[in-house]
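These are the residues of each chain, in order.
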Amino acid sequence: MFKLTFLAISLFFFCSCGFWWGTFQGSGYKFFLQKTAKNKQPIACRIEGKRLFLFGEDVHVPYFSFKAEYRVYHILYENESDRKSIATYKFPLTYGIGAVDENTDFVIIESEEFVAFYYNRKPVDGFNVVQNPFSKKILFEQRDDLFDLIKNDGACYYMR
């Protein structure tokens, strides 16, 4: 009888853990920062009057999930009335003892032709541009020298 009770309680515990197990909090809203010659401290990044930020979604993983789970990120801009998406991308969700921050770093540089988003880690399936709110083309390019690019006056950045 003891073994049967113990088995029933264990089974109930493991099954009920599945309901609470899998919610992994997203990063929330993180502003891109901008370095300017006028300000010694970085300020919120603005390109063509639009404030840019990054949003990482919450992820719910079922306890008995056997498929790869991904955290979806949104590059957003804010205008006078609301927030809208510029692009989305995703990285594999890691959890447990070996969990790592599964995002990429960014440096954004505005030129006469482009608003260039430089990043160091390639997301799964690349970037999905939802809309371009700028008067220039958007460019996504993978680079390893992001710290050198941050030194440019007016460069916006997000570092994990």
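What comes next concerns the included structure. (Residues numbered from 1 in each chain as written. Predicted model: local features only at pLDDT ≥ 70, side-chain atom pairs only at ≥ 80, totals over all residues. Heavy atoms only, no water.)

### Notes on the overall build of the protein
1) Next: Across its full length, the protein holds two helices and 14 strands.
2) Next: The buried share of the protein, taken over its 160 residues, is 38%.
3) Next: Look at the contacts in the protein between residues 6 or more apart in sequence, and 57% of them connect residues 24 or more apart.
4) Next: Accessible area of the protein: about 10,200 Å², with a carbon and sulfur share of 57%. (Helix = DSSP H or I, 4+ residues; strand = E, 2+ residues; numbered from the N terminus. Buried < 20%, exposed > 50% of the residue type's maximum accessible area, 1.4 Å probe, protein only. Contact = heavy atoms within 4.5 Å. Areas by Shrake-Rupley, 256 points an atom, 1.4 Å probe, with all protein chains shown as cover.)

### Description of the packing of aromatic side chains
Any two aromatic rings considered together are summarised by their centre-to-centre distance and by the angle between their planes.
1) Next: Across all of its chains, the model carries 13 aromatic pairs by this definition.
2) Next: An aromatic cluster of at least three residues, connected via ring pairs, comprises F32, Y73, Y89, F91, F106, F117, Y119, F127, F140 and Y158.
3) Next: The ring of Y29 has R83 sitting right over it, with the charged end atom 4.5 Å from the ring centre.
4) Next: Across the ring face of Y118, the terminal group of R143 is positioned such that the distance to the ring centre comes to 5.0 Å. (Phe/Tyr/Trp six-rings, centres within 6.5 Å; stacked < 30°, edge-to-face > 60°. Lys NZ or Arg CZ within 6 Å of the ring centre and 35° of its normal.)

### Description of the sheet that holds strand β3 (residues 33-34)
1) Next: Strand order in the open sheet formed by six strands is β4-β3-β14-β10-β11-β13, and the pairing between neighbours is mixed. Taken across any chain shown, the strands that pair with only one partner, and hence form the sheet edges, are β4 (43-44) and β13 (137-142).
2) Next: One ladder, built from five bridges, connects strand β10 (residues 106-110) with strand β11 (residues 114-119); its direction is antiparallel. Along β11, the bridge assignment pairs V107 with Y118. (Pairing = 2+ DSSP bridges.)

### Observations regarding the pattern of salt bridges
1) Next: The tally for this structure, following the rule as stated, stands at eight salt bridges.
2) Next: Residues R71 and E102 are paired through a salt bridge, measuring 2.6 Å at the closest nitrogen-oxygen approach. Of this pair, R71 sits in strand β8 (residues 70-78) while E102 sits in the loop between β9 (83-92) and β10, and the two are 31 residues apart along the sequence.
3) Next: With relative accessibility at 6%, the residue R71 sits in the buried group.
4) Next: When the shortest N-O distance is used, the salt bridge between K151 and D148 registers 3.8 Å.
5) Next: Its relative accessible area of 61% is what places K151 among the exposed residues. (Salt bridge = Lys/Arg side-chain N within 4 Å of Asp/Glu carboxyl O.)

### Things to note about the nonpolar core
One recurring pattern in soluble globular proteins is that nonpolar side chains are buried together.
1) Next: With 23 residues, the main nonpolar core has F32, L52, I75, F106 and F140 as its most contacted residues.
2) Next: Where this core is concerned, the elements lending two or more residues are β6 (50-56), β8, β9, β10, β11, β13 and β14 (156-158).
3) Next: For this core, the leading source of residues is β9, giving four residues.
4) Next: In this structure, I109, A116, Y118 and A155 belong to the second largest nonpolar core, which totals nine residues. (Core = buried A, V, L, I, M, F, W, Y, C linked by side-chain atoms within 4.5 Å.)

### Here's the deal with the side chain of R71
1) Next: Only 2.8 Å separates the side chain of R71 from the backbone oxygen of E57, close enough to count as a polar contact.
2) Next: A polar side-chain atom of R71 sits 2.6 Å from a polar atom in the side chain of E102. (Polar contact = N/O pair within 3.5 Å; in protein donor to acceptor, adjacent residues only side chain to side chain.)

### What to know about the state of the cysteines
1) Next: Applying the stated rule across the entire model yields one disulfide.
2) Next: Each sulfur of the disulfide joining C45 and C156 lies 1.9 Å from the other. Residues C45 and C156 are joined by a disulfide whose S-S torsion is about 80°; by sign, that bridge is right-handed. Taken together, the residues C45 in the loop between β4 and β5 (46-47) and C156 in strand β14 connect sequence positions 111 residues apart. (Disulfide = S-S within 2.5 Å.)

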